[in-house]
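So the chains spell out like this:
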Amino acid sequence: MYHVSPLPSGGCRQGDCGVVGADFASFIASRWWIASLRPAAGRPRRVVWALMRAAVLRSPGEPLVLEDRRDLQPVGAQRVVRVLAAGVCHSDLHMIDGAIGGPLSRVLGHEIAGHVEGIGEVLVYPCWADGTCEYCRRGLEQLCPAAASPGWTVDGGFAEQVLVPHPRFLLPLGDLDPVRAAPLADAGVTPYRAVRRALPWLTAGATALVIGAGGLGQFAIQYLRLLSAATVVAVDPSEPKRRRALSLGAHDAAAPGDDLPTAAAVFDLVGSDATLRQAVKLVRPAGL
Ligand SMILES: [Zn+2]
């Protein structure tokens, strides 16, 4: 029978406990447990493993549930990331409230920074494409039909550990703070790609309009200022977000009902029917 019990406070008394070597203090501290497999006859054979905690969405409209799960065991090229930080994306909130339906139960979270043994602190690229299909060969991994997505099709970062299929999805963080870096995995790379594609339109004297100064918009404003000579105008109904946009380098910030300039490139980072209509109205001929 399986017997699972908290580790005795004095430490491992088994003498053959193989999992505690790495970090005995944290083993005792809170989260690691010991389990013994006792055969019906003969000397008790002890199998020891650790548990990790994960916040799980079991059904939409209900709070996440903390579960103890078996420590993740990598196979082949897989790597286990010990999560140091995980961003909360609107997609996560929409999965929780049921607006986006995904396979459940699921550990959410796709903006993940953590530590990998032998590599160090990393950011996890959250589109686990196969790397071989037509889209992947063209650098369009986000369109790969075989891609797995942590926090969506497989378990993600709202846990102490994440299993990543290959080290090519791990980017060394260097000196970056994992907490500040985690949102780069999605909120950071999405507008980066958009701004980079629009650079040929963003010559000196051009105007770039950023609709929505939330998480993605704030990154977009910074990339535009770093990578282009365009005049950057942020559009957001929220006054604090407009102030934030100006503090991040936007030349101007306006409300959606204001008299807005036309632009060589319009970045709609809201994606509602209303903002898409507005974007179409404001983009100049031959613009983007
Ligand atoms: Zn592919």
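From a predicted model like this one, the values you see are computed outputs, not experimental measurements.

*Asks:* How would you explain the overall build of the protein chain if you had to name every residue and give the values?
*Replies:* When helices and strands are counted, the protein chain shows eight helices and 14 strands. The buried share among the 288 residues of the protein chain stands at 33%. Once local pairs closer than 6 in sequence are excluded, the contacts in the protein chain between residues at least 24 apart make up 64%.

*Asks:* Pulling in residues and values, what's your account of the nonpolar core?
*Replies:* A208, L209, V210, A220, V232, A234 and F267 are the most contacted members of the largest nonpolar core, which has 32 residues in total. If you list the elements that add at least two residues to this core, you get helix 5 (189-198), strand 11 (207-211), helix 6 (215-227), strand 12 (231-235) and strand 14 (265-268). It is helix 6 that contributes the most residues to this core, six residues altogether. Setting aside residues up to four positions removed in sequence, L209 forms contacts with V233, V235, L260, A263, V266, F267 and L282. Grouped together as the second largest cluster of nonpolar side chains are 28 residues, A86, L108, L123 and V164 included.

*Asks:* Just give me the short version of the environment of R70, but keep the residues and values in it.
*Replies:* When you line up the elements, R70 lands in strand 4 (residues 65-70). Taking C-alpha positions, R70 is 6.2 Å from M52, a pair spaced 18 residues apart along the chain.

*Asks:* Account for unusual backbone geometry, with residues named and values stated.
*Replies:* Here L104 and S105 are connected by a cis peptide whose omega angle stands at 5°. With respect to the helices and strands, S105 occurs in the loop between helix 2 (90-97) and strand 6 (106-107). Positioned with a positive phi, A286 is a non-glycine residue whose angle comes to about 65°. Relative to the helices and strands, A286 resides in the segment after helix 8 (273-282).

*Asks:* Residue-level account of the sheet that holds strand 4, with values.
*Replies:* Taken in spatial order, the three strands line up as 4-3-6 in an open sheet, and their pairing is antiparallel. The strands lining the two open edges of the sheet, one partner per strand, are strand 4 and strand 6. Note that strand 3 (residues 51-57) and strand 6 share two bridges and pair antiparallel. Opposite V56, over in strand 6, you have V107 as the bridge partner.

*Asks:* How would you sum up the sheet that holds strand 9 (residues 161-164)? Please name residues and give values.
*Replies:* Taken together, the five strands give an open sheet; going across it, the order is 9-5-7-8-10, and neighbouring strands pair in antiparallel fashion. Each of the sheet's edge strands pairs with one partner strand only, and the pair in question is strand 9 and strand 10 (170-172). Across the sheet, the axes of successive neighbouring strands diverge by a mean angle of 45°, strand direction being ignored. Here strand 7 (residues 111-116) pairs with strand 8 (residues 120-124) via five bridges, running antiparallel. Pairing of G114 across the sheet is with V122, part of strand 8.

*Asks:* Could you give an account of the confidence of the model for the protein chain, with specific residues and numbers?
*Replies:* The predicted model of the protein chain has a mean per-residue pLDDT of 85, with 83% of residues at 70 or higher. Of the regions scoring below 50 in pLDDT, residues 1-40 engages in 50 contacts with residues more than four places distant in sequence or in other chains.

*Asks:* Can you tell me about the pairing of strand 5 (residues 79-87), naming the residues and giving the values?
*Replies:* In the sheet, strand 5 pairs with strand 9 via four bridges, with the strands oriented antiparallel. Note on strand 9: the bridge partner recorded for V81 is V162. Bridge analysis of strand 5 against strand 7 gives five bridges, and the strand direction is antiparallel. Counted as the bridge partner of R82 is H115 from strand 7.

*Asks:* Which residues make up the packing of helix 5 against helix 6, and what values go with them?
*Replies:* Packing of helix 5 against helix 6 leaves a shortest axis separation of 8 Å and a crossing angle of 40°. Comparing the axis directions of helix 5 and helix 6 gives the class oblique. As for the relative orientation of helix 5 and helix 6, their crossing is right-handed in sense. Residues T190, P191, Y192, A194 and V195 of helix 5 form the contact with helix 6, whose own contacting residues are L216, F219, A220, Y223, L224 and L227. Partitioning the contact of helix 5 with helix 6 into residue classes produces ten nonpolar, one polar and no charged.

Cut-offs and rules
- Residues numbered from 1 in each chain as written.
- Predicted model: local features only at pLDDT ≥ 70, side-chain atom pairs only at ≥ 80, totals over all residues.
- Helix = DSSP H or I, 4+ residues; strand = E, 2+ residues; numbered from the N terminus.
- Buried ≥ 20, exposed ≤ 12 C-beta atoms within 10 Å, placed from the backbone.
- Contact = placed C-beta atoms within 7 Å.
- Core = buried A, V, L, I, M, F, W, Y, C linked by C-beta atoms within 7 Å.
- Pairing = 2+ DSSP bridges.
- Axes fitted to C-alpha atoms, helices over the stretch in contact; angles between N-to-C directions.
- pLDDT = per-residue confidence, 0-100.
- Parallel < 35°, antiparallel > 145°, perpendicular 65-115°, else oblique.
- Left-handed = near helix turned anticlockwise from the far one by under 90°.
- Nonpolar A, V, L, I, M, F, W, Y, C, P; charged D, E, K, R; others polar.

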